[in-house]
Amino acid sequence: MNNTPTDTNRDATAAERADHRNTLNTDTMQWLSALVAIIGLYVVASPFIFEATDQAIWNDTLVGTGIFLLAGYNFVRLSRDRLASVGVASLAVLLGLWLLVSPAVIDMGSSTLATGTAASGLATAVLSAYNAYANNKADAPDRVGARA
């Protein structure tokens, strides 16, 4: 009696092999990038809405613009059925972490602005870290749904 396993799976079809790939739904990741870009716009606008010092205005305007541009770049990549750039998402994580700690480093002018900046930084860091992780692990984009 022979106990060796048979190689019946050797001739698996391409569709069966594709089921085992780590594909990425670019529509979902595109919405995630759009959310991070909107957070960046909020960071840009917030010092003009709440009481802010000159340092806070410069900090939030520059860092928020950077986050908006980085997330927007990944949004465009994903809209073209490409994977998001892991390096760009990682840079957005670093900017988000800076926003998280910046209220402790510079005078923001109001506690409302400081809280909003820190919360925006935390959200940016978490969402961008997930974006970087998911796109790093993905093999190829997988589009779900139809475009109008």
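Given the structure is predicted, the values throughout are model-derived calculations rather than measurements. (Residues numbered from 1 in each chain as written. Predicted model: local features only at pLDDT ≥ 70, side-chain atom pairs only at ≥ 80, totals over all residues. Heavy atoms only, no water.)

1. Description of empty space enclosed by the protein
Summed over all chains, the structure comprises one cavity of 30 Å³ or more. Estimates place the volume of the largest cavity at around 60 Å³. Ser 33, Val 36, Leu 70, Ala 71, Asn 74, Val 88, Ala 89, Ala 92, Ser 128 and Asn 131 together form the lining of the largest cavity. Contributing elements (two or more residues each) for the lining of the largest cavity: helix H2 (26–49), helix H3 (54–79), helix H4 (86–105) and helix H5 (111–137). Residues that form the lining of the largest cavity fall into these classes: six nonpolar, four polar and no charged. (1 Å grid on protein atoms, 1.4 Å probe; cavity = no way out; pocket = protein on both sides within 12 Å on 5 of 7 lines; lining within 4 Å. Points joined across faces, edges and corners; volume = space filled by probe spheres on them. Helix = DSSP H or I, 4+ residues; strand = E, 2+ residues; numbered from the N terminus. Nonpolar A, V, L, I, M, F, W, Y, C, P; charged D, E, K, R; others polar.)

2. Description of the UniProt feature "transmembrane region" (unreviewed entry) in the protein
Those residues carrying the UniProt feature "transmembrane region" (unreviewed entry) are residues 31–50, 56–76, 83–101 and 113–133 in this numbering. Summarising residues 31–50: 95% helix, 0% strand, and an end-to-end C-alpha distance of 28 Å. (UniProt positions renumbered as here; feature names shortened; annotations may be inferred.)

3. Details of the side chain of Asn 131
Tracing the chain through its elements places Asn 131 in helix H5. The class of Asn 131 is buried, set by a relative accessible area of 5%. Of note is the side chain of Asn 131, whose polar atom sits 2.5 Å from the side chain of Asn 135. Excluding residues within four positions of it along the chain, Asn 131 makes contact with Met 29, Leu 32, Ser 33, Asn 74, Ala 84 and Ala 89. (Buried < 20%, exposed > 50% of the residue type's maximum accessible area, 1.4 Å probe, protein only. Polar contact = N/O pair within 3.5 Å; in protein donor to acceptor, adjacent residues only side chain to side chain. Contact = heavy atoms within 4.5 Å.)

4. Side note on the environment of Ile 106
With respect to the helices and strands, the residue Ile 106 is situated in the loop between H4 and H5. The exposure class of Ile 106 is buried, given its relative accessible area of 19%. Taking the C-alpha atoms as reference, Ile 106 lies 7.2 Å from Ala 56; in sequence the two are 50 residues apart. Contact partners of Ile 106, with chain neighbours within four places excluded, come to Gln 55, Ala 56 and Asn 59.

5. Remarks on H3
With 26 residues, H3 should cover 38 Å at 1.5 Å per step; its first-to-last C-alpha distance of 37 Å lies within 8% of that length. Just downstream of H3 lies Asp 81, where phi reads positive at about 60°. (Expected span 1.5 Å × (residues − 1).)

6. Observations concerning the packing of H3 against H5
Contact geometry for H3 and H5: axes closest at 12 Å, N-to-C directions at 25°. If you check the angle between H3 and H5, you find them roughly parallel. With respect to the hand of their crossing, H3 and H5 are arranged in left-handed fashion. In this structure, H3 contributes Ala 56, Asp 60, Ile 67, Asn 74 and Leu 78 to the contact, and H5 contributes Leu 113, Thr 117, Thr 124, Asn 131 and Asn 135. Taken together, the residues of the contact of H3 with H5 break down into four nonpolar, five polar and one charged. (Axes fitted to C-alpha atoms, helices over the stretch in contact; angles between N-to-C directions. Parallel < 35°, antiparallel > 145°, perpendicular 65-115°, else oblique. Left-handed = near helix turned anticlockwise from the far one by under 90°.)

7. Re a nonpolar patch on the surface
A cluster of nonpolar residues, Leu 91, Leu 94, Leu 97, Trp 98, Leu 100, Val 101, Val 105, Leu 122 and Val 126, forms a patch on the protein surface that exposes about 780 Å² of accessible area. Looking at the nonpolar patch, the element that brings in the most residues is H4, giving seven residues. For Trp 98, the position within the fold is in helix H4. A relative accessible area of 32% means that Trp 98 is categorised as partly exposed. (Patch = residues over 30% accessible without salt bridge, like charges linked within 9 Å, V, L, I, M, F, W, Y side chains within 5 Å. Areas by Shrake-Rupley, 256 points an atom, 1.4 Å probe, with all protein chains shown as cover. Salt bridge = Lys/Arg side-chain N within 4 Å of Asp/Glu carboxyl O.)

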